[in-house]
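# Topology and contacts: notes
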Amino acid sequence: MRDLRSLPAQVRRDIGQALYTAQKGETDPAAKPLKGFGGARVMEIVENDRSGTYRAVYTVQFGDAIYVLHVFQKKSKRGIATPKQDIDLIRRRLAEAERDFNERQK
């Protein structure tokens with residue numbers, strides 16, 4: 001959550017609102033499925049600010065819990081695709097979230 005706290009105030013509020021909506025079991029208009037993760041199990045929130053474009057990625061696949069997998073500022077000027085290193089990090093954190101969720105179910 002340190003990454004989220006470092007964002008510009010309005011971006012932080014907008015992403016926080018979208019995450020709160022997800023916690024209530026709904027989908028915020030700013031959230032959409034992240035490509036390459038099989039439908040709506042991994043969601044992406046994109047917010048723009050004068051200082052750039054910011055993204056928060058979370059998963060809702062674990063029942064009543066959501067896991068924020070990554071929050072970052074998109075710095076690449078080439079296209080809208082999420083950079084490979086960010087996708088790799090999201091995949092690792094998704095696997096960690098799944099392990100955490102399974103441990104909590106025991």
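Details of the structure are given in the entry above.
Along every chain, residues carry numbers that run from 1 in the direction the sequence is written. pLDDT decides what is reported in this predicted model: residues at 70 or higher carry local features, side-chain atom pairs at 80 or more are listed and counted, and totals for whole chains, interfaces and linings draw on all residues regardless. Hydrogens and waters are ignored; side-chain quantities use all the structure's heavy atoms.

### Regarding the overall build of the chain
What counts, and what does not: Strands are runs of DSSP state E lasting at least two residues, helices are runs of H or I lasting at least four, and both sets are numbered from the N terminus onward. Throughout, the radius of gyration refers to the C-alpha atoms, and the reference size of a globule is 2.2 Å times the residue count to the power 0.38. Note on classification: 1.4 Å probe, protein chains only; a residue is buried when its accessible area is under 20% of the maximum for its type, exposed when over 50%, partly exposed between these limits. We call two residues contacting when some pair of their heavy atoms lies within 4.5 Å.
When helices and strands are tallied, the chain shows 3 helices and 4 strands. N-terminal to C-terminal, the α/β element order of the chain is α-α-β-β-β-β-α. Against the globule reference of 13 Å for 106 residues, the chain gives a C-alpha radius of gyration of 14 Å, in line with a compact fold. Its C-alpha atoms put the chain at 45 × 30 × 25 Å along the principal axes. In the chain, which comprises 106 residues, the share counted as buried stands at 38%. Considering only contacts within the chain whose residues lie at least 6 apart along the sequence, 39% involve residues at least 24 apart.

### Remarks on the sheet that holds strand β2 (residues 42-49)
Definition in use: When DSSP finds at least two bridges between two strands, those strands are taken to pair. The convention used is that axes are lines fitted to C-alpha atoms, helices contributing only their stretch in contact, and that angles between N-to-C directions extend from 0 to 180 degrees.
Pairing within the open sheet is antiparallel, and its 4 strands lie in the order β1-β2-β3-β4. This sheet does not close on itself; its edge strands, each paired only once, are β1 (31-33) and β4 (65-74). Strand after strand, the sheet turns through a mean of 25 degrees between neighbouring axes, direction not considered. Here β2 pairs with strand β3 (residues 52-62) via 8 bridges, running antiparallel. What sits directly across from V46, in β3, is R55. Lying over the sheet, helix α2 (residues 9-23) contacts β2, β3 and β4, oriented at roughly 155 degrees with respect to β2. Across the face of the sheet, helix α3 (residues 84-105) comes into contact with β2, β3 and β4 while running at roughly 165 degrees to β4.

### Regarding α3
For the record, the criterion: To estimate the expected span of a helix, subtract one from its residue number and multiply by 1.5 Å. Along the arc lie the directions from the helix axis toward the C-beta atoms.
In this model, α3 (22 residues) spans 32 Å end to end at C-alpha, consistent with the 32 Å of a helix rising 1.5 Å per residue. For α3, the set of buried residues is D86, I87, L89, I90, L94, A97 and F101. Looking straight down α3, one finds that the buried residues subtend no more than 150 degrees of arc, so they occupy a single side. More than 90 degrees from the buried face of α3, the exposed residues found are K84, Q85, R99 and E103. Looking at the buried residues of α3, the elements they touch are β2, β3 and β4.

### Concerning the nonpolar core
Side chains of a nonpolar character, in soluble globular proteins, are inclined to be buried together. Using the following cut-off: Only buried residues count toward a nonpolar core, which is a set of Ala, Val, Leu, Ile, Met, Phe, Trp, Tyr and Cys residues joined through side-chain atoms within 4.5 Å.
Core analysis: the biggest nonpolar cluster contains 14 residues, and L4, L7, I15, L19, I45 and Y58 have the highest contact counts within it. Looking at which element gives the most residues to this core, the answer is α2, with 5 residues. Among the nonpolar cores identified, the runner-up in size contains 13 residues, and L34, F37, V42 and A97 belong to it.

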